[in-house]
Amino acid sequence: MGTAPSPRTIGHFIDGKPVTGSSGDFGKVYDPNTGEVQALVALADQAETEAAVASALAAQPGWAAWNPQRRARVLLKFLQLVEPERDELARLLSSEHGKTLADAHGDIQRGLEVVEFAAGVPHLLKGEFTGSAGTGIDTHSLRQPLGVVAGISPFNFPAMVPLWQLAPSIACGNAFVLKPSERDPSVPLRIAELFLEAGLPPGVLNVVNGAHAAVNTLLTDPRVAAVGFVGSTPVAEHVYRTAAETGKRAQCFGGAKNHMVIMPDADLDLAVDALLGAGYGSAGERCMAISVAVPVGKATADALVAKLVERAGALKVGHSFDENADFGPLIGPDALERVRGYIEAGVAEGADLVLDGRGLSVPGHENGFFLGPCLFDNVKPQMRIYREEIFGPVLSVVRADDYESALRLPSEHEFGNGVAIFTRSGDVARDFADRVQAGMVGVNVAIPVPVSYHVFGGWKRSGFGDLGQHGPDSIRFNTKTKTVTSRWSEGPAASSFVIPTMQ
């Protein structure tokens, strides 16, 4: 018998070059479909992370000196170069994450849409101007880059979130250090290579793979002016607090428990279709996944649950390359164990497990990290499966007696990322959108991720910081405003010892 091939190794991208990694510490990159380790990723230590920061710091002034239109052309060239590589990028992403190829294409597309938005930076960076603000005095404002910005991105969107973080930042003239998830690192590295090929100067975009040492170095290094984070709420809060203590600007996005309210007048088939995709797509590993269905009234709840049991039970779970699969495996053994633990907790707390996906086995891939769709009914707000983010293919039904009770559930939950309502009533939809306490609202739209030129961001413990991702907030976050007041009047001016005013 032959010897199994050794897993390939994945390093970093620093100063425009692939770097092997010298820490001697490695993480495992699984093939979620088989359960096998397909690669070892080098985990950067403090010295390697500091080298990436130093490279960014050296490259940033020259990059900032490029005019905005010239910087935008690099982004446009990147979009050109990505186009013929979409299929290969999707396969690479799918092979490490486990989401289906169709879902991987969506991951890439939503990231590229923010690159398209950021390519409009010549317009987005235009400041304000007031002529004759006073006699012979003009006032104008400038938006200038921060310097070195860092991004810490999650495993569940290895293309989309890094592009959301880095594209507006470099478009504004910053240099960027990306610390992607070490669980699926290959796509972010390829993105960096393509940006270099598109004309981005070496050092403007660096990628360091790592864990705690890399993150803590980025958070404490005084040369890093700002940091963006997407991940769990406890880590988001830690990153936000540490960034503030070290004088950095920060935008940090954490966990979610997204509700979907189904009113008695809703199109139930439309609602069920939406719930299936929003609840079970990508095996539930989305911060915008709907994990709580809130039917209003017993008749609505009974009909909804009956349809969900039938439809969810017929979903196909399979290899991420299977074109007929509705969703694939979870990303790793720890994720599978965690989600199974939540299912056991829900049963122990008295929720009705009306659809149990724990017995699923995918033929030929018995060691993969697969879990079938799970559905709980009669979930109560005090239960762990309601209070905490599960991040798996588990949908909970919380029955509400009336509209006001349904409205209170997402509004009073500690997370406030996204929420949706399905109804035929414009009055109800308008009232819900106005009063619900969440950052993104869908009306007959289950996953209300806004388009790239609007702001993405959650409330409460789903988001820390005043500014959201993409849209106008991304330009505000990545720049600082300088206001210039100039006087060009001829002749002597009398000395004044009072604060200037404009009479």
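Below or above, wherever it landed, is the structure these notes cover. (Residues numbered from 1 in each chain as written. Predicted model: local features only at pLDDT ≥ 70, side-chain atom pairs only at ≥ 80, totals over all residues. Heavy atoms only, no water.)

1. Brief notes about empty space enclosed by the protein
Here's step 1: The final tally for this structure, using the stated rule, is 7 cavities of 30 Å³ or more.
Here's step 2: A volume near 100 Å³ is recorded for the largest cavity.
Here's step 3: The wall of the largest cavity is formed by 15 residues, among which Gly284, Arg286, Ala289, Ser291 and Phe391 lie closest to the centre.
Here's step 4: Looking at side-chain class alone, the lining of the largest cavity contains 7 nonpolar, 5 polar and 3 charged residues.
Here's step 5: If you add up the space inside the second largest cavity, you get close to 80 Å³.
Here's step 6: Lining the second largest cavity are 15 residues; nearest its centre among them are Gln165, Phe176, Gln251, Phe477 and Asn478.
Here's step 7: Only strand 8 (148-152), helix 6 (160-171), strand 11 (224-230) and helix 16 (472-477) provide two or more residues apiece to the lining of the second largest cavity.
Here's step 8: Partitioning the lining of the second largest cavity into residue classes produces 7 nonpolar, 8 polar and no charged. (1 Å grid on protein atoms, 1.4 Å probe; cavity = no way out; pocket = protein on both sides within 12 Å on 5 of 7 lines; lining within 4 Å. Points joined across faces, edges and corners; volume = space filled by probe spheres on them. Nonpolar A, V, L, I, M, F, W, Y, C, P; charged D, E, K, R; others polar. Helix = DSSP H or I, 4+ residues; strand = E, 2+ residues; numbered from the N terminus.)

2. Structural notes on the pattern of salt bridges
Here's step 1: In this structure the tally under the stated criterion is 25 salt bridges.
Here's step 2: Arg110 is paired through a salt bridge with Glu113; the nearest N and O atoms lie 3.4 Å apart. Placement of both Arg110 and Glu113 in helix 4 (residues 101-118) is noted, with a separation of 3 residues, approximately one turn of the helix.
Here's step 3: We note a salt bridge from Asp377 to Arg399, for which the minimum N-O separation is 2.9 Å. Taken as a pair, Asp377 in strand 16 (residues 374-377) and Arg399 in the loop between strand 17 (394-397) and helix 14 (403-412) lie far apart in primary sequence, 22 residues in all.
Here's step 4: The class of Asp377 is buried, set by a relative accessible area of 5%. (Salt bridge = Lys/Arg side-chain N within 4 Å of Asp/Glu carboxyl O. Buried < 20%, exposed > 50% of the residue type's maximum accessible area, 1.4 Å probe, protein only.)

3. Points about the packing of aromatic side chains
Here's step 1: Under the definition given, this model contains 7 aromatic pairs.
Here's step 2: On the numbers, 5.5 Å between centres and 85° between planes, the contact of Tyr30 with Phe369 is edge-to-face. Taken together, the residues span a long stretch of sequence, with Tyr30 in strand 4 (residues 26-31) and Phe369 in the loop between strand 15 (352-355) and strand 16 at a distance of 339 residues.
Here's step 3: Residue Phe369 is classed as buried on the basis of its relative accessible area of 6%.
Here's step 4: When the ring of Tyr280 is compared with that of Phe327, the centres are 6.5 Å apart and the planes differ by 15°; the resulting orientation is stacked. Note that Tyr280 is positioned in helix 10 (residues 268-280) and Phe327 in the loop between helix 11 (298-313) and helix 12 (333-348), a separation of 47 residues in sequence.
Here's step 5: Take Tyr280: its relative accessible area is 1%, and that puts it in the buried class.
Here's step 6: Sitting over the face of the ring of Phe157, Lys99 holds its NZ or CZ atom 4.1 Å from the ring centroid.
Here's step 7: Over the face of the ring belonging to Phe155 we find Arg183, whose NZ or CZ atom lies 5.2 Å from the ring centre. (Phe/Tyr/Trp six-rings, centres within 6.5 Å; stacked < 30°, edge-to-face > 60°. Lys NZ or Arg CZ within 6 Å of the ring centre and 35° of its normal.)

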